[in-house]
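# Understanding the architecture of this molecule
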Amino acid sequence: MRNIKLLLKLILLRLFGPLAEKFVLPASYTVAVTYRCNSRCKTCNIYKKHSDEMKPEEYDKIFKSIGSSAYWVTMSGGEPFLRKDLVEIIQAIYNRSKPKIINIPTNGLLCDRIPEKVKEIAQSCPQSTLVINLSIDAIGKKDDDIRGIEGAYDKAIKTYEGLKKLELDNLNIGIHSVISKFNVDDFQHIATNLMELAPDSYVTEIAENRVELGTMDSDITPSVMKYSLAIDFLLFKIRQKEFKGMNRITQIFRVEYYKMVKGLLKEQRAQMRCYAGILSAQITPNGIVWPCCIKAVDIGNLHEYSLNFKKLWRKSKALKEERKKIQLENCSCPMANASYTNMLMNNKVLFKAISHYFKKSK
């Protein structure tokens, strides 16, 4: 049923364009529950930010207005597991929206707390696939150096092992690496070692300048040549592995994402239309809504709309203006969440995915 609703939403946008955009709610929501973080990463300064944090009952009201529109919800931070009420927040969202996917990125430092809380979340959200993405950017001491925390790598591995022991049907355990100037030269070694741990997925994202992360003036992005070499190696490793069912579809989109980022860096132009502010949105810890976290444009505070997301989304004049800017400026970035959503509206990528899927199925 959730897949059918998503498909109908995409069809409406294709058929009626700007007219449908006024009424259609996003499919992908990134919910930053805190800016607090116990890492000091070279690629992120979010721990320097301070914000009020909403309570579980406030998220309950927000997602009551969102309803079943939420197909994919990413619980972001900071470090989400620093919120002692994270389980209650996610349960409130689940009870209102039943998202198909709940994704939680984590640095894994809270190795005693995380497996216990993940078990609670997975068991209380049985109709959702819970994806835990452990952030590991290098091996051993080199990861500690990038993360700015002694013992970061060992704690992340301990968390990974604890999660593996849970053996829950709706739990997917992934490893996520940010490719930056600090690890791109060692990427083949990093990827090989982390993939040997046999996570359910291994994903990467390029270090970038984001308003949200406080990295707009940071020199963290690897060169086009070095990033391309790293991604070519990763694509080679992916193609060596056989995937089944939905994992096959996921990997097809992931391959297209990596190709898209390579093209974006090389050509310095958008590779496809951006649907941020239409199909995806971000909610900050204090209730401000952004179309995306790269530009972090404030289109309204949910508290000014009685925590009614639908009302804000449909009445915000700032959102209408930002949508126009995104299209006029041909807005482009390598942000993974937005890119995967954009691919759902890209005919070329969809055709590749469908044809590849049926070719492999024969």
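None of the values given here were measured: they were computed from a predicted structure.

## Describing the packing of aromatic side chains
Tallied over the entire structure, the rule returns 5 aromatic pairs. Geometrically, the ring pair formed by Tyr29 and Phe63 is edge-to-face, given 6.0 Å between the ring centres and 65° between the ring planes. Of this pair, Tyr29 sits in strand β1 (residues 28–32) while Phe63 is found in helix α3 (residues 56–66), placing the two residues 34 residues apart along the sequence. On the basis of relative accessibility, which here comes to 0%, the residue Tyr29 falls in the buried class. Taking the centre distance of 5.2 Å and the plane angle of 20° together, the rings of Phe309 and Trp313 count as stacked. Taken together, the residues span about one helical turn, with Phe309 and Trp313 both in helix α11 (residues 309–315) at a distance of 4 residues. The exposure class of Trp313 is buried, given its relative accessible area of 2%. Cation over ring: Lys49 sits above Tyr35, and NZ or CZ is 4.4 Å from the ring centre.

## Remarks on helix α4 (residues 86–97)
Between the first and last C-alpha of α4 there are 16 Å, a value that for 12 residues agrees with the 16 Å anticipated at 1.5 Å per step. Restricting attention to buried positions, one finds in α4 the residues Leu86, Val87, Ile89, Ile90, Ala92, Ile93, Tyr94 and Ser97. On the buried face of α4, the contacting elements are α1 (2–16), α3, β2 (72–76), β3 (101–106) and α5 (114–124). Following α4 by one or two positions, Lys98 has its phi on the positive side, about 45°.

## Description of the nonpolar core
Judged by nonpolar contacts, the single largest core of 80 residues is most densely connected at Ile62, Met75, Ile104, Leu130, Tyr258 and Phe309. It is helix α10 (residues 246–267) that contributes the most residues to this core, 8 residues altogether. If we ignore the near neighbours within four places in the chain, the residues touching Ile62 are Met54, Ile283, Leu302, Leu307 and Phe309. Counting 17 residues, the second largest nonpolar core, distinct from the first, contains Cys44, Cys274, Ala276 and Cys292.

## Examining the pattern of salt bridges
Using the criterion set out here, one finds 22 salt bridges in the structure. Its salt-bridge partner being Lys158, residue Asp112 comes within 3.6 Å of it at the nearest N-O pair. Of the two residues, Asp112 sits in the loop between β3 and α5 while Lys158 sits in helix α7 (residues 152–164), which places them 46 residues apart along the sequence. Taking relative accessible area as the criterion, Asp112 reaches 59% and is therefore assigned exposed. Residue Lys158 is classed as partly exposed on the basis of its relative accessible area, which comes to 45%. Residue Glu256 is joined to Lys259 by a salt bridge in which the shortest nitrogen-to-oxygen separation is 3.8 Å. Of this pair, Glu256 and Lys259 both sit in helix α10, 3 residues apart, roughly one helical turn. Here the residues in one salt-bridge network are Arg36, Glu53, Arg83 and Asp85, joined through shared partners.

Each value, and the rule that gives it
Residues numbered from 1 in each chain as written. Predicted model: local features only at pLDDT ≥ 70, side-chain atom pairs only at ≥ 80, totals over all residues. Heavy atoms only, no water. Phe/Tyr/Trp six-rings, centres within 6.5 Å; stacked < 30°, edge-to-face > 60°. Helix = DSSP H or I, 4+ residues; strand = E, 2+ residues; numbered from the N terminus. Buried < 20%, exposed > 50% of the residue type's maximum accessible area, 1.4 Å probe, protein only. Lys NZ or Arg CZ within 6 Å of the ring centre and 35° of its normal. Expected span 1.5 Å × (residues − 1). Contact = heavy atoms within 4.5 Å. Core = buried A, V, L, I, M, F, W, Y, C linked by side-chain atoms within 4.5 Å. Salt bridge = Lys/Arg side-chain N within 4 Å of Asp/Glu carboxyl O.

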